[in-house]
Amino acid sequence: MSEKKLYLVTGGAGFIGSHITEALVKRGDRVRVLDNLLTGHRKNLEHLIDKIEFIEGDIRDLEQTRAAMTGVNIVFHEAAIPSVPRSVADPQLNHDANVQGTFNVLMAAKEAGVKRVVYAASSSAYGETEVLPKQEDMPPSPLSPYAAAKLFGEYYMQVFTRVYGLETVSLRYFNVFGPRQDPSSPYSGVISKFATALLTEQTPVIYGDGEQSRDFTYVENVVDANLRAAEAPQASGHVMNLGVGRRITLNGLLEEMQKALGTNLPPEYREMRTGDVRHSLADITRAQQLIGYEPVVHLPEGLKRTMAWYKDNLDRM
Ligand code: UD1
C-alpha cells in the first residue's frame, strides 16, 4: 500500500478546484477529483487527466460522495454553486449543493476516517458591516441564500470538529479571480465578465453605480492558503478570511483593466443586484497567524496574468 497521502478535491474540475488539483499534482501528490461537471469543465483538467483519478459524481448524492471518499486523508471541499444571484434565482439548488452537499461531504469524511477537511467558505457571510476591514469575530449577517448556505457549511465544519474530532478549516474566500474562471454564465465573476467583454469589444455591464468595492484575490494566493490550511497544526476548528487586504471599486477595476488593454468601452449601468454587498475588505491577520498565509500576487499582477490567459483562450469560452 502506498504511504503517500490521498487528497480529494471536490469541485476539482471547477475554477478554484482545478488550480488546487494542479498544485497537488505538481507537488507529486496523489489526487482524486469528484465533480458533477455542472459548473466545472473537463477541459480545466485535460492537462492533468492522466495524473489524477477523476470521478464524475455529485456531492448531493451521499452514496456517490461516500464512494469518492474511500482511502482519502485530506479533502479540499470546493464543490459548490458559487453565485449570489444564482442563489436568489434558484434557492433550492443552492441549498441542495451548498448545504446538503457540504453535509454529505462531512458525513462521508467522518465515516472514511479523513484527517482534515479544508472548506471553501465565503466572505459573503458578513453581509454589510459597519466597519471595514471585516474580521472573523464580527457577527455574520448573510444577505443571500448563497451567503446563508456558505455560513451553514462553516457551522457544520466546526460542529464536526467539536463533536466528532474531524479536523476542519474554513477559509472565507474574498472574490477570487484568475485563469479558468468561467465567464460564460450571467452569474460569472465580474473580472471574467469584464475581461471577456473588453477583449471582444462588448459593452461591460456594471450593476448599481459601480462604487461598490471588493477585495479581489488572485487564485494563486488561494491555492497557497489551502495547502497551508491542510497542514497547519493550530488551524483546525477555525474560520479565517482569505483575501489580500485591499479593495477597489468596480468603476476603478474597469478603469484599470481598460488601461491595461488599451480599450475605452463605456460601461452600461444596470440596476443593482438583489443580495449584493456594498463593500468587502478582508482583515487577514488570523490567516497570517494560524497558517502563515501572506498574499503573494497582488491585483495588478493578477489582472495582467488573468487578461493574458483570457486573450489566449478566447476560442474556448
Ligand atoms: C460573492 C462573494 C464572494 C463569493 C462569490 C461567489 C461578497 C462580498 N463576495 O461575490 O466571496 O466567492 O460571491 O460567486 O459577497 N458585477 C457587475 N458586472 C458584472 C458582474 C458582476 O457589475 O458583469 C458586480 C456585482 O453586482 C457585484 C460585483 O460586481 O457588485 C462582484 O460580483 P461577483 O463577481 O458576482 O461576486 P460577488 O457577488 O461580490
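Visitor: Teacher, can you tell me more about helix α2 (residues 62-69) here?
Guide: Given 3.6 residues per helical turn, the α-helix brings residues three or four places apart onto the same face. All of the buried residues along α2 are T65, A68 and M69. Taken end-on, α2 shows its buried residues confined to a sector of 100°, consistent with a single buried face. For α2, the side-chain oxygen to backbone nitrogen distance between the N-cap and E63 is 2.9 Å, and the N-cap itself is D61. At the exit of α2 stands G71, carrying a positive phi of roughly 80°.

Visitor: Teacher, can you tell me more about the sheet that holds strand β11 (residues 238-242) here?
Guide: The pairing of strands in a sheet comes from backbone hydrogen bonds and takes either a parallel or an antiparallel form. Across the sheet, 7 strands lie side by side as β3-β2-β1-β4-β5-β6-β11; this open sheet has parallel pairing. Edge positions in the open sheet fall to β3 (53-56) and β11, since each of these has one partner strand only. Adjacent strand axes in the sheet meet at a mean angle of 20° when their direction is disregarded. Here strand β6 (residues 167-173) runs beside β11; their pairing, made up of 5 bridges, is parallel. Bridge pairing in β11 places V169 opposite H238.

Visitor: Please clarify how a nonpolar patch on the surface should be interpreted in this entry.
Guide: A cluster of nonpolar side chains, contributed by V159, V163 and Y164, occupies part of the molecular surface with about 280 Å² of accessible area. Assignment of secondary structure puts Y164 in helix α5 (residues 145-164). The exposure class assigned to Y164 is partly exposed, which follows from its relative accessible area of 46%.

Visitor: Just checking my understanding: could you explain the pairing of strand β2 (residues 30-35) for this structure?
Guide: Within a regular strand, the side chains alternate between the two sheet faces. The buried count for β2 comes to 5 of 6 residues, which makes it a mostly enclosed element. Pairing of strand β1 (residues 6-10) with β2, which is carried by 5 bridges, proceeds in the parallel orientation. Residue pairing across strands places T10 opposite L34, the latter belonging to β2. Once the chain exits β1 it traverses helix α1 (residues 15-27) before rejoining the sheet at β2, and the crossover so formed is right-handed. Two strands pair when backbone bridges link them, and β2 and β3 are joined in this way by 4 bridges, in the parallel orientation. Across the sheet, D35 pairs through a bridge with E56, a residue of β3.

Quick notes on the rules
- Residues numbered from 1 in each chain as written.
- Predicted model: local features only at pLDDT ≥ 70, side-chain atom pairs only at ≥ 80, totals over all residues.
- Heavy atoms only, no water.
- Buried < 20%, exposed > 50% of the residue type's maximum accessible area, 1.4 Å probe, protein only.
- Helix = DSSP H or I, 4+ residues; strand = E, 2+ residues; numbered from the N terminus.
- Arc of directions from axis to C-beta.
- Polar contact = N/O pair within 3.5 Å; in protein donor to acceptor, adjacent residues only side chain to side chain.
- Pairing = 2+ DSSP bridges.
- Axes fitted to C-alpha atoms, helices over the stretch in contact; angles between N-to-C directions.
- Patch = residues over 30% accessible without salt bridge, like charges linked within 9 Å, V, L, I, M, F, W, Y side chains within 5 Å.
- Areas by Shrake-Rupley, 256 points an atom, 1.4 Å probe, with all protein chains shown as cover.
- Salt bridge = Lys/Arg side-chain N within 4 Å of Asp/Glu carboxyl O.
- Right-handed = clockwise from strand over helix to strand, strands pointing away.

In short, the description is geometric, and any link to function would need to be established separately.
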